[in-house]
Each structure stands twice: as C-alpha cells, then as structure tokens.
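A look at the structure
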Amino acid sequence: MGRKKFTQFHIELSLQPTILSIVFFSLLAIILAFACGGVIFLFYHISPGVGYQTFFQGSLGSWYAFSETLKRTIPLLLVGEGLSLAFRAQVLNIGAEGQILLGAVAATWVALFSGLPSFLLLPTMFILGFLAGAGWALVPAIFKTRFAVNEVLSTLMLNYVASNLVLYLIAGPWKGKGVRGFTYTDTFPEAAWLKTMGITRVPYFTLLVGIAIAIGGYFFLKKSALGFELRIVGSSPETARFLGINEEKIVLFTMFISGGLSGFAGVGEVAGIHHLLRHPDHISLGYGFTAIIVAWLARANPLATILTSFLFGALLSGGDALRVSLGIPFQVVSVFNGLILFFLISTEHLSRYRIIWKDKKAVEKNGS
Amino acid sequence: MSEVENNWEKRPAEVAFRSITKRFPPDILANDRVSFEVKKGTVHALLGENGAGKTTLMNILYGLFSPDEGEIIIRGKSVKISSPREAINLGIGMIHQHFKLIPTHAVAENIVLGLTSIPFFFPAEKAEAEIKSLSEKYGLKVDPRAHVWQLSAGEKQKVEILKALYRKANILILDEPTSVLTPQEAEELFATLRAMKEEGKTCIFITHKLNEVKEIADAVTVMRKGKVVSTILPSQVSLEELARMTVGKEVISVVPRKTISDKIVLRLQDVSAMGDRDFPALLNLSLSVREGEIVGVAGIAGNGQKELAEVIVGLRQASRGHIFLEDKEITNLLPRDIASLGVAYIPEERNQGLVGEMSVAENLLLRGYYQPPFSQGFWVDWEKAEAYSEKLISHYQINPPLSDIPVRLLSGGNRQRVIIARELEQKPKLVVASNPTAGLDVSGVEAIHKLLVKAQEKGAGILLISGDLDELLKLSNRIVIMFRGEIVGEKEKEHWTEEDRREIGLGMGGVRR
C-alpha cells in the first residue's frame, strides 16, 4: 500500500440530471429552508420544535387543516399551470397577481351588476374572468412582440395597476351599500357562490378543473405540435427562427393562457371563498408570486404542479396556524418561500452531479 | 539514419511526457501511457481526431487536470503542476479555442489583468510600451488601447498570444488556433510562430488539419484514442500516411459527379440585401445552380456569404431582385414555406439548426412535426416519429445510436449528421450548405462530403459556401468568388489545378482578372 486514501466515494458530473436527483435536491432545498427557518422561531422565543409542530398540525394535522391546505392549493395550481406553459416558452410572466385580481373584478361585475339570470351567473363569471385575466396579460404580450418591451418589467408593473384598480372600485363606485366604514362590495347573490365540499371551504369545481388542466397541459406540451413549437421557442429561439416558427404567436398564446388561468383562479377565490370583492391582499395572499415558485419547483411541468402547489398550500395554511396559535406574523411564510427559492436555485447545479460510492477493495487497489 | 534525424535526437527537450495516464470515471481512458518529447525551439504539432485526448493532455500540462499516473519533465526537471498559475510560473502559456478575454476592457488592460505587479490606477499605462515592442517583434499588430469587443477573432487571438508572451511564456500551447481564422490570418499566425521559434520559444500546436502539420510543424505526434501512435518529422510522411495514422484506417475520398444536366434549380437575379449592421451585404448579385451541380462559393468570411445563404432560405429580406426555385419565385417568402418547396439548409452555426436540450428524435422531426405523416393537425404521432428517427439514425450512422438522448451530448460531427439527415430527408431540390464541415475531424469531414455527394447524385443542386478552399476544390463543379457582396469571378472545371487555386485565392483578396 502506498498512500492512504480516505475518500471512499467521488463526485462526478453526470451529463444529464436524473429525475431522482431532481426530486432529491428539491426535497433537500425544502428541508434546508425549514432548518434555516427555525431561527425565526427563536427570535420569537418559541422552541423550533413547538413551532414546527404547530405548523404541521395547522397544515396537515387534521381533516380541517387538510381542507385549509387544499383551499389554498387550488389557486396556486391553476396559476402555476399557466406559468409553467409560459416559462417553458421563456415568457416570464410575473404578472399573475394582477391577472388574478382582474378575474375577480370581472366576476364581481357579473355577480353584482350584470343582471343576468341566476343560472347564467357562474358560467359567465368564469368565462369573463378568464378573458379579463387573459386580456390583462395580452397587454404586455403585445408590447413585447411589437416594441420588444421586456415582459418581466411590464407584467410586474401591471400588478400595481390592477391592485389600485381594485382599491378604487371597492372604495368608490362598487363600495357596498350596507358595509358602512369598511371597504368592500356587497355580498354576491347565492347563485354566484361556488359549491364547496361538505362543510369545508374547498370549492370542488376549480379543484377538478385544476387537476384536469394539469393532465391536459402535460400532454399538450409533450404530444401536440403547438406544444412542441412552444418548447422549441423556449429552449432555442435561434432554431425557432431557423425553422420559421412564428414566435409572436407563441408569446401571445402563452400569455393568453397563463393570464386566463390566473383570472380563472381569481374568479374561484371570490365565488368560492369570499363571495365579495375586497382588499387585493385578502383576495390573493400573493398567490400570483408564490405560483412562480410553484412552477419553478415543478420544473415547469404541469403535472408536477399538482404536487408543488399542494406543498405551498400547506406552507400557507401552516403559516396561518402559526399566526393564530403562536402570534407569529403571517409574513413568516414569505420568509419560508424566499428560503425555499433560494435553496432551490443554489442546489440547481448540484443535481447535475452524481455521487459514486467505491467499494473498499477498489479503493485499496487504486491506492496501492 | 539521416542527418536530420540525428540532429533531432540531439536537440534538448523542453517538455517531456512520461507515461501520462488520465482516466475519467467511469470508463473513459482519455490518455493512456502517453510519452513523447517536445524539442526546444520547435513547433510541435499534436494531431488527432476529436476525442483522441489531445486537449486533455494539454490541460494536464497547463495544470487544469492532474494526471492519474506518469510525470511531466520540463527542461530536465520533473514537475508537478497543480494549477494554471504554477504552469505560468514555469513559463507555460495556453491559447484556448474559446478566448478568455473581457470584451469591455482595452487590449492592454486584458494583457496585464491578474498580474500582481500592476498599479491600482491606470494599470495598463506602463505596460503599453512593452506590449508595443512585443507586438513588433513577433508581428502581432494590435492597438493596445482598442477594446476587445472591437476586434476580429484573429486579433483576439493575437491578444491572447501577447498575454502569454507578456507573462514570459517559453512554451506556448495553441488549441486548434486556425479554426477561427481566415486563411490570411492563419498565414500571419504561422509567421508569428516562426518568429517565436527564432527566439528559442517552443510551441505545441493542437490540430486536426493535416496540411497545417506539413506547413508549420517541425515534428508531429499523432494521437488516437488516448494513445500516441507515433512521433515523427512531417517531412518523412505523406499526407495520406498522416491521415491513415490519425484515423486508423485508409481514408477514401469521395468523388463528386462530373456530368450535370442543364436544368436550372436556383436562380438569383440582381439580388441585394442588407447585413446585420444595416450595411449593404449583397449587391446586385446574380447566380444560378443547376440540377445535380455543386456550386462552390469561395471568399473570405464576411464578404456576404452568410447573407447570401440567408436570403435564399428566407431568413433575410432581399431589398431588391428576384430569387427563383425552378420556375417559382421564392423571393422573401417565409422560411417554412421555402423549406417545404424543397430547399434544405445546413447553417453555419450548428446550434441554429438544433435544439440542444431536445432529444435526437425530436431534432430529427423539427422539419416534419406539423405535417403528414407525423401530424394531421393538433397532435404529433410520436410513435411514428420514433420509428422514423431509428431509421435515420441507422441510415446516417448517427453515433451513439440512441434517439432519446439530448442532442447536445453528441459530438460535433454527429450533431451535423443529425442536421443533414433531417434536411436531406425532405428530398430537397436545393441544398444550401454553409461551412458544413467547420470544426470536424478527418473522418467527420469525409462523412459529410459523402452525404453531400449522395444528395448531388440524387439530383439536388448544392450551393456550398465554404471558407476552406481545399473543400471547394474537392467537391465543386463550378466555383464563384465572392468579394464585398458581389461575385467577382467564376470558373467551371472538371479537375482543378494549383493554378486555379492561386487564381481563386487572388480573387478572394479582391484581385479581379
């Protein structure tokens, strides 16, 4: 034996990350985020153990907790699916938050002011809500295709416009007659309420639509000609030009769909949960931004958004439990979101490596 | 033993490799007991196919990799080089294939970058005089105050060489230095290398171009599959022998078809077009290609060849003039429509023709996915596509023969095969090929030539744009010379002679006859 070798494994660059390594590193990122997040509990003089226990009790610990998680999963799922399509085409739609609000605004108009017969209310709300979100997203899409305006900035800025539009409506022309000092609209007629599962607050229509779209979106990307074009534009715009693929069409299409699904999710929130239009922060809880992480963690795969949106739904309801039981501000959830995204991005490269364990004999042979 | 060989043996070795072995787990043996000597004051060529282990060996010498076994001896001393900094201290400089310069900085700033002796303010000022004297001595003319982004590839290379010389390099490693150069720039590089030799400096020159070995090298080491085949003096071997040593078997050159029908496939009539910088790139250009004819377009890169190809396939607007495919006018049609009328395009940038992240099967379907038999409209029949790609992979000998791996994992030659397979399967009437063999090794080049000649035999007209005059002389039935957006000369021949080569070379430089 010559030199002594301590290393019994080595790390090598694998040419293609396997699904297993992607899953492993995604989980690792989440675990690391929680480990770091534990420090927050210490700031509030709460032992991390108690903190986490409350957190899991509140998100998955009971049927009620589970239903609260599911309730928050639905908008994340719908929005996340749309963003997955957009991200696949390298169209960076950061404006889902505003698109959700536009959907909610359109639904509110239908429910309170359209005067449609009751049986037409819900269908019209969802159709107009979809179109309102899609239309809101088409504005930056057209600016991108016509004048090459960067969509990250324009979609982000339109969020504030949408938020202020809602504030104007609920404080001004749409302010409810019986709400006195509060700023929100009147309650929708019951015909404009979505049916929920049993005694929970989970509307099953939007949940089923979300799951159906996840499956449909998966096959659309994988098997359809348009989905193929979308992926080509996303991974190599140069080649798309070489092939004569109409890039503008793809940008408009993905913005239309992702905006539309966000609008649809917005309808689900006002028709299924609030039954009125209220402060933008209450309608959306930042779903439009959290869905960006949902889509990212799912590697822009619509099917995987089912899992990732559930995960973030649990995070939101767990955060709610922390606020109620331990008096920790709800914003802590944003810290967790941020940490998860941070660790995801930093472990992204690692998923390209493989750890190879050498058996002891081989090590000795090499060392001699 | 001849006198030359005797003297050769007696010359002192600057670098000696002793049984260098390098493995890349799990089972790639990149270098297998590599031993040879590089004599002081010589240009030593390292010849081999892609993947022969040349670059790995040089990365070991430059301290980027450490060898598993063996030792490196520099000027008689065994050394252990564990980082590029140590290599630089030993007087080793490396010019990589892809330049490592900072585009927004001036030439002089790039040259002094990273040196510990430079002042904090105006770091490059003092160095300018020395850079000037170095550039005069070795014929490396660059303005030290110019910014790197303003420079051509050839000039950037000069900056890299200056950088190494400024760091007192005695051993210069050049990794396929001519692959980015025009023929003129390559001549200038060779002059520089000769000047360095005079000064007693040693150059190791990685290449897979045989004629370069003959032209510049004093000695050549041929590598194949990680092993040294032989180290010899170029004067003692023929090009054919060198080719056989690199490839490992006899290389049989294809012969293009010599008889051509007079049916015209492509006709350009007074076509003008703008270049990328809104500068006219094509000026009233007229050209035709007949059925089964290979028309070579000679010229120094940047004289409108790229724009010519793009204007034909619809990627660039013609500002005036007409383009006909057979009798149909195709001027300024959409690229997809032109392709479906029977125009295949092999682009200069390989990445333009492929989606690296997508599988081989998907890349083979990039032309056909939206039309029968693969699609009736919305859905794509991926099972049919799979079978189709299996067929193409075996027919065009794409290696490794797997249809589901991302195409970026294939070697350059195999990626080019994927493009050619896809384009030729459209049964084109016209093939526009832009530098189709750039960067490929000997067997890769032969394979691509074979495919082009096969398309010619099937009756396709081929417009072959190439910066490699040897390639044009080998394949073309007719050669046109482009200079500043115009065709300045044209020749049709059955066999090309040295006289023709000289004449075309002059035409490329703008000398009209």
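Presented here is an overview of the structure given in this document. If you're wondering where the values come from, they're calculated on a predicted model, not measured in any experiment.

Quick look at the side chain of Glu14 of chain B now. As for its position among the elements, Glu14 of chain B is in strand S1 (residues 13-24). Residues in contact with Glu14 of chain B, not counting those within four places in the same chain, are Val38, Lys39, Lys40, Ile73, Ile74, Arg75, Asn170, Ile171 and Thr202 of chain B.

Residues and elements named next belong to chain A. Taken as a whole and judged by the stated rule, the model has 29 aromatic pairs over all chains. Between Phe342 and Phe343, the ring centres sit 5.2 Å apart and the planes meet at 80°, which makes this aromatic pair edge-to-face. A residue is classified by how much of its surface remains accessible, and Phe342, at 52% relative accessible area, is exposed. Given the relative accessible area of 13%, Phe343 is considered buried. Aromatic rings pair up to connect Phe34, Phe41, Tyr52, Phe55, Phe56 and Phe336 into one cluster.

Within the structure shown, the criterion is met by 44 salt bridges over all chains. In this structure, Asp320 of chain A engages Arg323 of chain A in a salt bridge whose closest nitrogen and oxygen atoms are separated by 2.8 Å. Highlighted residues: Asp320 of chain A and Arg323 of chain A, both in helix H13 (residues 305-326), separated by three residues, approximately one helical turn. Linking Arg316 of chain B and Glu310 of chain B is a salt bridge whose minimum nitrogen-to-oxygen distance equals 2.8 Å. Residue Arg316 of chain B shares its accessibility class with Glu310 of chain B, and that shared class is buried. A network of salt bridges, in which partner residues are shared, links Glu68, Lys71, Arg72, Arg201, Asp320 and Arg323 of chain A.

Residue and element names in this part refer to chain B. With respect to the helices and strands, Leu464 occurs in strand S18 (residues 461-465). Sequence-wise, Leu464 and Ser476 are twelve residues apart; in three dimensions their C-alpha atoms are separated by 7.9 Å. Those residues in contact with Leu464 that lie beyond four places of it in its chain are Ile294, Val295, Gly296, Val297, Ala433, Pro436, Leu452, Glu471, Leu472 and Leu475.

Rules of the game
- Residues numbered from 1 in each chain as written.
- Chains lettered and ligands numbered in written order.
- Predicted model: local features only at pLDDT ≥ 70, side-chain atom pairs only at ≥ 80, totals over all residues.
- Heavy atoms only, no water.
- Helix = DSSP H or I, 4+ residues; strand = E, 2+ residues; numbered from the N terminus.
- Contact = heavy atoms within 4.5 Å.
- Phe/Tyr/Trp six-rings, centres within 6.5 Å; stacked < 30°, edge-to-face > 60°.
- Buried < 20%, exposed > 50% of the residue type's maximum accessible area, 1.4 Å probe, protein only.
- Salt bridge = Lys/Arg side-chain N within 4 Å of Asp/Glu carboxyl O.

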